[in-house]
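Architecture and fold: a report
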Amino acid sequence: MRVLVTPDYRTLSEEAAALVARAIRAKPDITLGLPTGNTPLGMYEELIRRHRDESLDFSRVQTFNLDEYLGLAPDHPQSYHAYMRDRFFDHVNIAAENTHIPDGSPGRDADAECRRYEDAIRGSGGIDLLIVGIGANGHIAFNEPGSSFESHTRVVTLATQTIENAKRHFPNDANIPTSAITIGIRTILNARRILLLASDPSKAEAVERTLRDPISESVPASALRLHSDVIAILDESARQR
Ligand code: F6R
């Protein structure tokens, strides 16, 4: 894993967007794996700026999001569908039919949705560049500690810490999801290239364990060390001191 440490979050976001933009220019019909959460927000803003000011073209780009809460329909304001529309898709020239996010709608057959999603990723030819954040507990996508490195897209129960973190996005603690659909660790490792982003002191310990502890299912992000083309961009705040 190559590690780049930036002085601050803004530089992390610019470096991440520059890497994604270079990949799109090299392969205009690239397939991207995309995260939600706080960490990639600056990267999305910078990609939007590059679309506006530098004609970065998303018209042939395909995307697969990493995860979605179970029990939230795509029009739910706290769904990752809504996040992606508000924070990114509505501001670039990406075709709606080229964007893919697991459907966590209540009443849907979630296991069938997981199989459909994994097949759709495979059917697209696979993910060229997958961007992931990291949880304070070392999770990647919603692969919580203990997840098998051979896991594929599936329904998972969220860790208590993950649910606690999600609370800030759910007004009045209403209907906070406790489970999700996530792509698996094997799905992540199948991507041709992976970009790991980490910012914030709350991530420092997980980052340190990812980079230095023995590779183990107790630190899901450590699986990334099994892949031959991973770049981690951390800012100073996410470095253990
Ligand atoms: C989100 C996802 C999660 C987050 C992680 C970090 O799609 O898969 O693994 O990347 O929980 O979240 P933030 O960036 O909010 O600290």
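Look above for the structure.
Quick caveat, the model's predicted, so the values are computed rather than measured.

1. Thoughts on the environment of Ile101
As for its position among the elements, Ile101 is in the loop between β5 (99-100) and α4 (110-123). C-alpha of Ile101 to C-alpha of His169: the two residues are 68 residues apart in sequence and 19 Å apart in space. Ignoring sequence-local partners within four residues, the contact set of Ile101 consists of Asn65, Asp67, Glu68, Tyr80, His81, Met84, Phe89, Glu113 and Tyr117.

2. Regarding the site of the ligand
The full set of residues close to the ligand is Pro35, Thr36, Gly37, Asn38, Thr39, Asp67, Gly133, Ile134, His139, Ala141, Arg168 and Lys203. Asn38 is positioned such that a nitrogen or oxygen atom in its backbone is 2.8 Å from an oxygen atom of the ligand. In isolation the ligand has 410 Å² of accessible area, and contact with the protein removes 89% of it. Judged by the fraction of its atoms near the pocket grid, the ligand is located in the largest pocket.

3. Let's talk about the pattern of salt bridges
One pass over the full model with this rule turns up 20 salt bridges. The salt bridge involving Arg52 is made with Asp53; its shortest N-O contact spans 3.3 Å. Among the residues examined, Arg52 registers a relative accessible area of 59% and is labelled exposed. Classification of Asp53 as partly exposed rests on a relative accessible area of 46%.

4. Observations concerning the sheet that holds strand β4 (residues 67-69)
One open sheet accounts for three strands, arranged β4-β8-β7; its pairing is antiparallel. With partners counted over all chains shown, the strands left at the sheet margins are β4 and β7 (154-157), one partner each. Direction aside, neighbouring strands of the sheet carry axes that sit 30° apart on average. Sheet topology places β7 next to strand β8 (residues 179-182); four bridges connect them, and they run antiparallel. Its bridge partner lying in β8, Val155 is registered against Ile181. Strand contacts of α4: β7 and β8, with the helix running at about 125° to β7, the strand carrying the most contacts.

Definitions and limits used
- Residues numbered from 1 in each chain as written.
- Predicted model: local features only at pLDDT ≥ 70, side-chain atom pairs only at ≥ 80, totals over all residues.
- Heavy atoms only, no water.
- Helix = DSSP H or I, 4+ residues; strand = E, 2+ residues; numbered from the N terminus.
- Contact = heavy atoms within 4.5 Å.
- Near = heavy atom within 4 Å.
- Polar contact = N/O pair within 3.5 Å; in protein donor to acceptor, adjacent residues only side chain to side chain.
- Areas by Shrake-Rupley, 256 points an atom, 1.4 Å probe, with all protein chains shown as cover.
- 1 Å grid on protein atoms, 1.4 Å probe; cavity = no way out; pocket = protein on both sides within 12 Å on 5 of 7 lines; lining within 4 Å.
- Sits in = over half its atoms within 2 Å of the grid points.
- Salt bridge = Lys/Arg side-chain N within 4 Å of Asp/Glu carboxyl O.
- Buried < 20%, exposed > 50% of the residue type's maximum accessible area, 1.4 Å probe, protein only.
- Pairing = 2+ DSSP bridges.
- Axes fitted to C-alpha atoms, helices over the stretch in contact; angles between N-to-C directions.

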